[in-house]
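Residue-level structural notes
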Amino acid sequence: MAHSKVLPLLLLSCALFLQNTHQLQNSQTQVLYQLRKHLESPKALESWGSYYGDLCQIPPTPHMSISCEGNSVTELKVMGDKLSKPAGIMFHGSPLPNRTLSKAFLIDSFATTLTRLTSLKSLTLVSLGIFGELPGKIHRLCWLESLDLSSNYLFGSVPPDVSRLVRLQSLILDGNYLNGSVPEALNSLSNLTVLALSHNEISGELPDLSKLDHLHMLDLRENRFDSELPLLPKSLVTVLLSKNSFSGEVSRCFDGLSQLQHLDLSFNQLTGAPSRFLFSLANISYLDLASNKLSGKLPVDLTCGGKLGFVDLSNNRLVGTIPGCLGGSSGERVVKLGGNCLSINGVHEQHQELLCEEAEAKRKGFQSRKIGTLVAVVSGAVLVLVLFAFGLLMLCTKRRSCCCSKDKSVPQARLKAVTDNNTQTSLSSQVLASARLISQTAKLAAQGVPSCRSFSFEELKEATDDFDSSRFLGEGSLGKLYRGTLENGSSVAIRCMVLSKKFSSQSIRSHLDWMSKLNHPHLLGFLGHHCTQTNGEYEPAATVLYLVYEYMPKGTYRAHLSESCPEKILTWPDRLAILIEIAKAVHFLHTGVMPGSFNNQLKTNNILLDGHKIAKLSDYGVSAITEENEKLEVCSFYLKFVFFSLILISQDSTLQIKSEGHKSKYNVAKREDDVYNFGFVLLESLVGPLPTTKGEAFLLNEMTSFGSQDGRQKIVNPTVLTTSSQESLAIAISIANKCVLLEPSARPSFEDVLWNLQYAAQMQSAADAERKSDTSL
């Protein structure tokens, strides 16, 4: 009887308990559905719409999973398909159609809803198009151990309140648009094991992270850090700091990292000699210090750790001999040493040791000059003006020398060497062949064999029928161009440049000697020159420089981009091949010679095609001559300006306007470097040649059309559209967008440009092969 009374009570208690549990689950479920609405119902959450059970029990997929403990959600993973930083798209904080969530999305409201999952330990929201500044209220998720918001459109600084997530073990914010600096408070996350902030726009100084005793992985690749290397915790296993602007020496701050296995410091501004202890760390297996400014000698008795399998020291300024542990031929360890000045032979192409020593001396001299500049500024305005006027007077007087007289003794130009091309760009064997050719040319020059022929004026007149109008090819900013025929019947192109009379003979000979030693399959062959002074044809009297090049029968690349000449127009694969050839040539000019040439007149009109449509860059290196000529012409202006300012100091406001005009023009010229100009070459390859009435501003404005398929249909050249794959076209559009960024530091290196073009060509080749296979079936 007693049992019959107890049983109903037990059933009632269970019912009340289950009802209470169900209410708690409903509260969590409501939050999950609200989050789904905030995220605009991504495809990964489609299954929630037809699922009527407990969401904690919903089957997981590769793109979605939920885990619960008791009555609360503890893990939430949602992975979408909205790629961050898509090809051809520029993000400035506003929503992008089909890329980000819509403008109705409010990240602050989303974060508020998210914090109602108070027991959440792991949160993964990847590629969902979330945009906005990460709210500091994220710290309310006080149980959070793992936070992954990678591949979204977050911008602004990392909020300092993140440091209040004291249980956080993994913080992954890769592939966003975060800027500002890393908050100092981040070093208080004592449980952190993974810190990944790569592929953002974070700058400034990296704080001291040595207190993060449990940190195993630090990934800060491809940001804008410009400080010295920070103190790091000894628990690190993987350190990825490549493609930033870290400076200073690779000091012994890494020496105590006994657990370190993978270290990548490539593509920074590091100097000095690498610490010998780096190579002998007990667990180090991968060490990449390539493309820095490391100098000095490696210790002969250097010891390498037993697990060290990969070492890359290429493209630095190291001298001396190779330590035994890096020079073995067992094949057990991959070692890249090209692009230094080491005393070795074989596959590692090296500079002459003198060049590396000179480059390092220039760097140290530059630092000394900066200190001298600060002292000069303090010396007083009047004294500076007087000294500046005196210096200009002496400079202009010194320049007044007779130019290009053959009987004058001119010091031999310093021989240049080519860098190693065994880098990540994977340049063609033709470049390596040209490197050997330069070496041979250097040997001939050392033996007294002239590297560049000096033509007489009579020879040039005979070759061009006295510069007859029928031989005239055109005129550009560098002067007139004629076609000539030499006595042996070979065709040449002759450029006529008018320079200031003050241009010195030694300066011109130095430039021409440098140009004569450049041998590359995609640089227009420089055959010789003639230099003279004239007093009649030009007013005032001027120096006339004639440059003789090989003739290219197919004309300019620009002429092959227009639909108006169907018989000439190039397909997209042909255009890609030409762009890659020119990119290789420019990369060679940047890294293959010392000093490098960084303003090489990159225009579609300056890319020429031979009979087999092999591309060659013309007018390279000439910018150095034109820049010096402009300085000489400006010299008189500044000299008058200084003396005039001393006399009429009360009217300095007008003078300042004139001075600022020249300064502004100079700054614009500095911004428009080779990468920037190549971006417009690439854009013209995509859309066709621009009419002369429309300039770069028009093309930049039209670039917004690249963001949609309909926009591309309107702006991209029809031949390009019909002969390209979407993948290849998207890669080309993306790299073009990056090349023409207004901030020079944000532009890619030419090595990156070349790599992306080669990747686009691979994608195009694969698509063509697949299309051909489908056609044959």
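If you're wondering where the values come from, they're calculated on a predicted model, not measured in any experiment.

Another point: the overall build of the chain. A tally of helices and strands in the chain yields 18 helices and 30 strands. The contacts in the chain between residues at least 6 apart in sequence include a share of 58% that link residues at least 24 apart. Taken as a whole, the chain presents about 37,800 Å² of accessible surface, with 54% of it coming from carbon and sulfur.

Turning next to empty space enclosed by the protein. Scanning all chains against the criterion turns up four cavities of 30 Å³ or more. Size it by volume and the largest cavity reaches roughly 80 Å³. Lining of the largest cavity is provided by Ile107, Phe110, Ala111, Leu114, Leu123, Leu125, Ile130, Leu134, Pro135, Ile138, Leu149 and Leu154. Broken down by secondary-structure element, the contributors of at least two residues to the lining of the largest cavity are helix H2 (107-114) and strand S3 (122-128). It is H2 that contributes the most residues to the lining of the largest cavity, four residues altogether. Classifying every residue of the lining of the largest cavity gives 12 nonpolar, no polar and no charged.

When the terminal C-alpha atoms of helix H17 (residues 726-739) are compared, their 20 Å separation across 14 residues agrees well with the 20 Å that a helix rising 1.5 Å per residue should span. Among all positions of H17, only Ser728, Leu729, Ala730, Ile731, Ala732, Ile733, Ser734, Ile735, Ala736, Asn737 and Cys739 are buried.

Turning next to the packing of helix H13 (residues 674-687) against H17. It is at 8 Å that the axes of H13 and H17 come closest, and there the two elements cross at 145 degrees. Note on packing geometry: the crossing formed by H13 with H17 is left-handed. Contacts from Val675, Tyr676, Gly679, Leu682, Leu683 and Leu686 of H13 reach H17 at Leu729, Ala732, Ile733, Ile735, Ala736 and Cys739. Residues belonging to the contact of H13 with H17 are distributed by class as follows: 11 nonpolar, one polar and no charged.

Turning to the pattern of salt bridges, a few remarks are in order. For side chains of opposite charge, pairing can occur when their charged atoms come near one another. With the rule as written, the count across this model stands at 11 salt bridges. Taking the shortest distance from any N to any O, the salt bridge between Lys137 and Asp108 comes out at 3.2 Å. Separated by 29 residues along the polypeptide, Lys137 in the loop between strand S4 (131-133) and strand S5 (146-148) and Asp108 in helix H2 bring together distant segments of the chain. With a relative accessible area of 16%, Lys137 lands in the buried category. In this structure Asp108 comes out as partly exposed when scored by relative accessible area, which is 42%.

Close reading of the predicted structure is inappropriate where its pLDDT is low. A residue-level look at the chain finds 72% of positions with pLDDT of 70 or above and a mean pLDDT of 77. Segment residues 6-24 is flagged for pLDDT under 50; beyond a separation of four residues in sequence, or across chains, it makes two contacts in the model. Predicted confidence is poor over residues 396-451, with pLDDT under 50, and the contacts of this stretch with residues over four places away or in other chains come to 120 contacts.

For the structure on display, the rule yields two disulfides. Each sulfur in the disulfide pair Cys56 and Cys68 lies 1.7 Å from the other. Here the S-S torsion is close to -80 degrees, and the disulfide linking Cys56 with Cys68 is therefore left-handed. Pair noted here: Cys56 is in the loop between helix H1 (2-38) and strand S1 (64-69) and Cys68 is in strand S1, with a separation of 12 residues, a long-range link. Residue pairing for Cys304: its cysteine sulfur links by disulfide to Cys325, the two sulfurs lying 2.1 Å apart. Where Cys304 bonds to Cys325 through sulfur, the torsion about that S-S bond is close to 50 degrees, and the disulfide is right-handed. Pair noted here: Cys304 is in the loop between strand S18 (293-297) and strand S19 (310-312) and Cys325 is in helix H4 (residues 324-327), with a separation of 21 residues, a long-range link. The exposure class of Cys304 is buried, given its relative accessible area of 14%.

Our focus in this paragraph is the sheet that holds S4. Taking strand neighbours across the sheet as the criterion, the three strands line up as S4-S6-S8 in an open arrangement whose pairing is parallel. The open sheet has two edge strands with one neighbour each: S4 and strand S8 (177-178). Two strands pair when backbone bridges link them, and strand S6 (residues 153-156) and S8 are joined in this way by two bridges, in the parallel orientation. From the neighbouring strand, Phe155 faces S8, where its bridge partner is Tyr177.

Moving on to the sheet that holds strand S16 (residues 269-272). Judged by pairing direction, the sheet is parallel, and its five strands sit side by side in the order S14-S16-S18-S20-S22 without closing on themselves. Since the sheet does not close on itself, it has two edges, and those belong to strand S14 (247-249) and strand S22 (341-342), each with one partner. Of the pairings in the sheet, the one linking strand S20 (residues 317-320) to S22 comprises two bridges and is parallel in character. Of the residues in S22, the one forming a bridge with Val319 is Cys341.

Our next topic: unusual backbone geometry. Positive phi, close to 55 degrees, is recorded for Lys243, a residue that is not glycine. With respect to the helices and strands, Lys243 occurs in the loop between strand S13 (238-240) and S14. Positive phi, close to 55 degrees, is recorded for Phe467, a residue that is not glycine. Residue position: Phe467 is located in the loop between helix H8 (457-463) and strand S24 (472-476).

Attention now goes to the nonpolar core. By size, the foremost hydrophobic cluster in this structure holds 92 residues, and its most contacted members are Ile130, Phe254 and Leu326. Aside from chain neighbours lying at most four places away, what touches Leu326 is Phe279, Leu298, Leu302, Cys304, Val311, Leu313, Val335 and Leu337. Core analysis: the next-biggest nonpolar cluster, separate from the first, contains 67 residues, Leu499, Tyr557, Leu561 and Val716 among them.

Rules used in this analysis
Residues numbered from 1 in each chain as written. Predicted model: local features only at pLDDT ≥ 70, side-chain atom pairs only at ≥ 80, totals over all residues. Heavy atoms only, no water. Helix = DSSP H or I, 4+ residues; strand = E, 2+ residues; numbered from the N terminus. Contact = heavy atoms within 4.5 Å. Areas by Shrake-Rupley, 256 points an atom, 1.4 Å probe, with all protein chains shown as cover. 1 Å grid on protein atoms, 1.4 Å probe; cavity = no way out; pocket = protein on both sides within 12 Å on 5 of 7 lines; lining within 4 Å. Points joined across faces, edges and corners; volume = space filled by probe spheres on them. Nonpolar A, V, L, I, M, F, W, Y, C, P; charged D, E, K, R; others polar. Expected span 1.5 Å × (residues − 1). Buried < 20%, exposed > 50% of the residue type's maximum accessible area, 1.4 Å probe, protein only. Axes fitted to C-alpha atoms, helices over the stretch in contact; angles between N-to-C directions. Left-handed = near helix turned anticlockwise from the far one by under 90°. Salt bridge = Lys/Arg side-chain N within 4 Å of Asp/Glu carboxyl O. pLDDT = per-residue confidence, 0-100. Disulfide = S-S within 2.5 Å. Pairing = 2+ DSSP bridges. Core = buried A, V, L, I, M, F, W, Y, C linked by side-chain atoms within 4.5 Å.

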